[in-house]
Amino acid sequence: MTLFLIINRQPLDLKKFEQLRTIQQAYATNTNTIRVIEKATGKTFMAKIFSTNLKYLQPQVFDRLKKEVQLITSLSHPLIIKTFGYSYQDFKNKDHLVLITENTGKRSLDDIIKLEQHKRQPPKWNDTKKLINLFGIAHGMSYLHHQGIMHGNLKPSNIYETNQFYPKIADFGLFLFKEEEEAAALVLTQIQGQPFIYDAPEISKGDYYDFSSDVFSFGMIFFTLFCVKYPSDTDCC
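All figures in this text were calculated on a predicted structure; none of them were measured in a lab.

Trainee: I tried to follow helix α2 (residues 109-117) on my own but got confused; where do I start?
Mentor: Three- or four-residue spacings in an α-helix give side chains the same orientation, since the helix completes a turn every 3.6 residues. Among the residues of α2, those classed as buried are L109, D110, I112, I113 and E116. For α2, the arc enclosing every buried residue in end-on projection is 160 degrees, short of the 170-degree limit, so these residues lie on one face. Check the buried side of α2 and you find it contacts α3 (127-146), β6 (159-161) and α5 (211-227). Immediately beyond the C-terminal end of α2, within one or two residues, lies K119, with a positive phi of roughly 60 degrees.

Structure, rendered in C-alpha cells:
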C-alpha cells in the first residue's frame, strides 16, 4: 500500500475568514457546516465544525487525531473534495475541530437522482454522465484506499457534482469521538447518518469492516443511478 507524503501543516487562523451562512447541521454526525469567505482573497470555502470538545480527549487520542488531520490535509486528487486546512478552535474560540474545505457548491449526486425521479433532471444528464460518475467515484475511492483511508459513509449525498457533472467525493475520513465506558476513543469513520441503505451489512451491524465495505456502497450507488430508484424502494427494479 502506497501512503501519501504527509506535510506538517500549521493550524489556520480563523480570524482570516468571515462566516456567511450555515449550510448543513448534521445531528447524526454532530457536525455543523458553514460557508465562509477568506477576507484577503474573497474566495469561498466550507467550514465543517465538529461538536466534540477536544480538551476532554486523552493525550494519546488527541495525538492520533493530529496525525489524521495532517493526512487529510495532505491529500490531493481532482475527484476528492480538497481539505485546505484545519483549526483546533472554532470561530467562538472553543476547543472544537474545524476543517476548511473547498466550496462543494449546491448540487450533490443525490439531488440529481431526485430530480430525475420526477423527470426534471438537467438537460445534459444522461447515461454517459452516469458512467463518468461511476468511473470517477471508483478512481477517487481507489486513491483514498491507496492512502489507507476507508470512507465508511459513501452515498450519493456525499458525492458533489461540478458544472460538467464530474463527481467529487466528500465526507471521508471524518473524525468523531465516541464515548466508551471508560475512555474516549477516536473512530475514523463518521457515525452512519441517513440513509442507511448504502451501508454494507457489517457496518449496519456494528461489526468489523474494511475497504470492501466501501465497494458494497459503490454497488448500491451503481444500482441507484441506473434504476433511478433507491434500494429501499418497495418497487425497485
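So much for the structure itself; the text now carries on.
Trainee: Can you walk me through a nonpolar patch on the surface in this structure?
Mentor: A cluster of nonpolar side chains, contributed by L131, F135, F222 and F226, occupies part of the molecular surface with about 410 Å² of accessible area. For the nonpolar patch, the secondary structure elements donating two or more residues are α3 and α5. Relative to the helices and strands, F222 resides in helix α5.

Trainee: So what exactly am I meant to see when it comes to the packing of aromatic side chains here?
Mentor: Within a pair of aromatic rings, the relevant descriptors are the distance that separates the centres and the angle that separates the planes. Within the structure shown, the criterion is met by six aromatic pairs. With a centroid separation of 5.1 Å and 55 degrees between ring planes, the pair formed by Y86 and Y88 is classed as tilted. Measuring from ring centre to ring centre gives 5.4 Å for F222 and F226, while their planes differ by 35 degrees; the resulting arrangement is tilted. Here the residue F222 and the residue F226 both occupy positions in helix α5, the gap between them amounting to four residues, near one helical turn. The rings of F17, F45 and F84 are connected pair by pair, giving a single aromatic cluster.

Rules behind the numbers
- Residues numbered from 1 in each chain as written.
- Predicted model: local features only at pLDDT ≥ 70, side-chain atom pairs only at ≥ 80, totals over all residues.
- Heavy atoms only, no water.
- Buried < 20%, exposed > 50% of the residue type's maximum accessible area, 1.4 Å probe, protein only.
- Helix = DSSP H or I, 4+ residues; strand = E, 2+ residues; numbered from the N terminus.
- Arc of directions from axis to C-beta.
- Contact = heavy atoms within 4.5 Å.
- Patch = residues over 30% accessible without salt bridge, like charges linked within 9 Å, V, L, I, M, F, W, Y side chains within 5 Å.
- Areas by Shrake-Rupley, 256 points an atom, 1.4 Å probe, with all protein chains shown as cover.
- Salt bridge = Lys/Arg side-chain N within 4 Å of Asp/Glu carboxyl O.
- Phe/Tyr/Trp six-rings, centres within 6.5 Å; stacked < 30°, edge-to-face > 60°.

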